[in-house]
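What follows is each chain in one-letter form.
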Amino acid sequence: AEARNMESLEKQLICPICLEMFTKPVVILPCQHNLCRKCANDVFQASNPLWQSRGSSAVPSGGRFRCPSCRHEVVLDRHGVYGLQRNLLVENIIDIYKQESARPLHAKAEQHLMCEEHEDERINIYCLRCEAPTCSLCKVFGAHKDCEVAPLPAVYQRQKSELSDGIAMLVAGNDRIQAIITQMEEICHTIEENGRRQKQHLGLRFDSLYSILEERKKELLQSIAREQETKVQHVRGLIRQYGDHLEASSKLVESAIQAMEEPQMAVYLQLLGVCLPCRITDMSKVSMSSRPEPGYENMDHFSINVDYVAEMLRTIEFQTGA
């Protein structure tokens, strides 16, 4: 029975490539199957002949191959097989298996363990109640005379079988746990990648809004600048017009004052002539109504209300139904 259990365990520790027991270090593929690292590297090299080894000065690129057990496609990064995780549990089990295989099946029995109570008696039975090995005299006359016992080899074989089954269960359970861990690591990677992509999309959306706002701001500023320039040019034109009138009127006043200072009547009348009074009259009749209307300088009509736009921007939210 023990030999069958060991054979069953050995089948679980065989590499599907070299058909030998896994050699250190054992690597775990993403599909949770195990391979010797050398075998995995041979398969990887055969599938990726252009892949550069770690010793190359150039930075190696990744590659891919199919798992020989399930044909699942294995994608490796630039580290190649050396980036795969070692299966330390399987390695430890192999070490234990090799130690057990190298030891005779009844090594302990050959030591002839003797009973502490009866020094001349070998331990050859097992007390089921006390769960302890003992000798026949302990069953007949000693502490285990009222206990149920069983032959030591039978109990040994049964417990060894149970332990082997437990090891197999642990290995299978650990494989499942490792598969779950790998799956969750892939989920984390996918979450990070999706988050990065959505951040990029969000940034592009807001950049588009910024562009629209900048374009609209430029158009409105240009409208203000155009009206500002038109009004300023109109007012400056009136300023020049009134300035010209003021200059002409000042010269006419000087001429009139000079005429007034002339003491001789004949000369005065000659200087005055008929034109100066007419010019003064005409100058005084020039219309002064060409002035900007009240409020002409006002630019308040360019005011905008962005409160509703700001409120709308504050309500921007992710589309949960998209």
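What you are looking at is a predicted structure, and each value in this text was computed from that prediction instead of being measured.

Cut-offs used in this document
- Residues numbered from 1 in each chain as written.
- Predicted model: local features only at pLDDT ≥ 70, side-chain atom pairs only at ≥ 80, totals over all residues.
- Heavy atoms only, no water.
- Helix = DSSP H or I, 4+ residues; strand = E, 2+ residues; numbered from the N terminus.
- Buried < 20%, exposed > 50% of the residue type's maximum accessible area, 1.4 Å probe, protein only.
- Contact = heavy atoms within 4.5 Å.
- Areas by Shrake-Rupley, 256 points an atom, 1.4 Å probe, with all protein chains shown as cover.
- Pairing = 2+ DSSP bridges.
- Axes fitted to C-alpha atoms, helices over the stretch in contact; angles between N-to-C directions.
- Core = buried A, V, L, I, M, F, W, Y, C linked by side-chain atoms within 4.5 Å.
- Salt bridge = Lys/Arg side-chain N within 4 Å of Asp/Glu carboxyl O.
- Polar contact = N/O pair within 3.5 Å; in protein donor to acceptor, adjacent residues only side chain to side chain.
- Phe/Tyr/Trp six-rings, centres within 6.5 Å; stacked < 30°, edge-to-face > 60°.

> Please provide a residue-by-residue account of the overall build of the protein, values included.
When helices and strands are counted, the protein shows nine helices and eight strands. A burial count over the protein gives 21% of its 322 residues as buried. For the protein, contacts bridging at least 24 residues in sequence account for 50% of all contacts bridging at least 6. Taken as a whole, the protein presents about 23900 Å² of accessible surface, with 56% of it coming from carbon and sulfur.

> So what's going on with the sheet that holds strand β8 (residues 149-151)? Residues and values would help.
On the basis of which strands lie adjacent, the open sheet formed by three strands has the order β7-β6-β8 and antiparallel pairing. In this open sheet, the two edge strands, each paired with only one partner strand, are β7 (132-134) and β8. On average, adjacent strands in this sheet sit at an angle of 35° to one another, irrespective of strand direction. Two elements, strand β6 (residues 125-127) and β7, share three bridges in a ladder whose sense is antiparallel. When the bridges of β7 are listed, Tyr-126 appears paired with Pro-133. Strand contacts of helix α6 (residues 152-260): β6, β7 and β8, with the helix running at about 85° to β8, the strand carrying the most contacts.

> Summarise the nonpolar core; cite the residues concerned and give the values.
Among the nonpolar cores identified, the biggest contains 25 residues, and Leu-13, Phe-22, Leu-29, Phe-65 and Leu-76 are the most heavily contacted of them. Secondary structure elements with two or more residues in this core: β2 (34-36), α2 (37-47), β4 (73-76) and α3 (88-102). If we ignore the near neighbours within four places in the chain, the residues touching Leu-29 are Leu-35, Phe-65, Cys-67, Val-74 and Leu-84.

> I'd like a rundown of the pattern of salt bridges, residues and numbers included.
Inspection of the entire model under this criterion finds nine salt bridges. The shortest N-O distance in the salt bridge between Glu-73 and Arg-64 comes to 3.3 Å. In this structure Glu-73 comes out as partly exposed when scored by relative accessible area, which is 34%. Classification of Arg-64 as partly exposed rests on a relative accessible area of 43%. One salt bridge in this structure joins Glu-193 and Arg-196, with 2.6 Å as the shortest N-O distance. Of the two residues, Glu-193 and Arg-196 are both situated in helix α6; the distance of three residues between them amounts to about one turn of the helix. A relative accessible area of 44% places Arg-196 in the partly exposed class.

> Hey, could you go over the environment of Leu-152 for me, with residue numbers and the actual values?
By the secondary structure assignment, Leu-152 is in helix α6. On the basis of relative accessibility, which here comes to 25%, the residue Leu-152 falls in the partly exposed class. Residues Leu-152 and Tyr-126, 26 residues apart in the sequence, show an inter-C-alpha distance of 5.2 Å. When sequence neighbours within four positions are dropped, the list of residues in contact with Leu-152 reads Ile-123, Asn-124, Ile-125, Tyr-126 and Pro-133.

> Quick one: what's the story with the side chain of Thr-182, residue by residue and with numbers?
Of note, Thr-182 is situated in helix α6. Side-chain polar atoms of Thr-182 contact the side chain of Gln-32, separated by 3.0 Å. In this structure, Thr-182 is in contact with Pro-30 and Gln-32, ignoring residues within four places of it in sequence.

> So what about the packing of aromatic side chains? Which residues, and what values?
One pass over the structure, following the stated rule, counts two aromatic pairs. Centre to centre, the rings of Phe-206 and Tyr-210 are 6.3 Å apart; their planes meet at 55°, and the pair counts as tilted. With Phe-206 and Tyr-210 both in helix α6 and four residues apart, the pair spans about one turn of that helix. On the basis of relative accessibility, which here comes to 30%, the residue Phe-206 falls in the partly exposed class. Residue classification places Tyr-210 among the partly exposed positions, given a relative accessible area of 47%.

> How would you sum up the pairing of strand β3 (residues 63-66)? Please name residues and give values.
Taking every second residue as pointing to the same face, the buried face of β3 carries Gly-63 and Phe-65, while none of Arg-64 and Arg-66 on the other face is buried. Bridge count for β3 against β4 is four bridges, and the pairing is antiparallel. Across the sheet, Arg-66 pairs through a bridge with Glu-73, a residue of β4. Following β3, the chain reverses through six residues before pairing antiparallel with β4; Arg-71 in that reversal takes a positive phi of roughly 65°.

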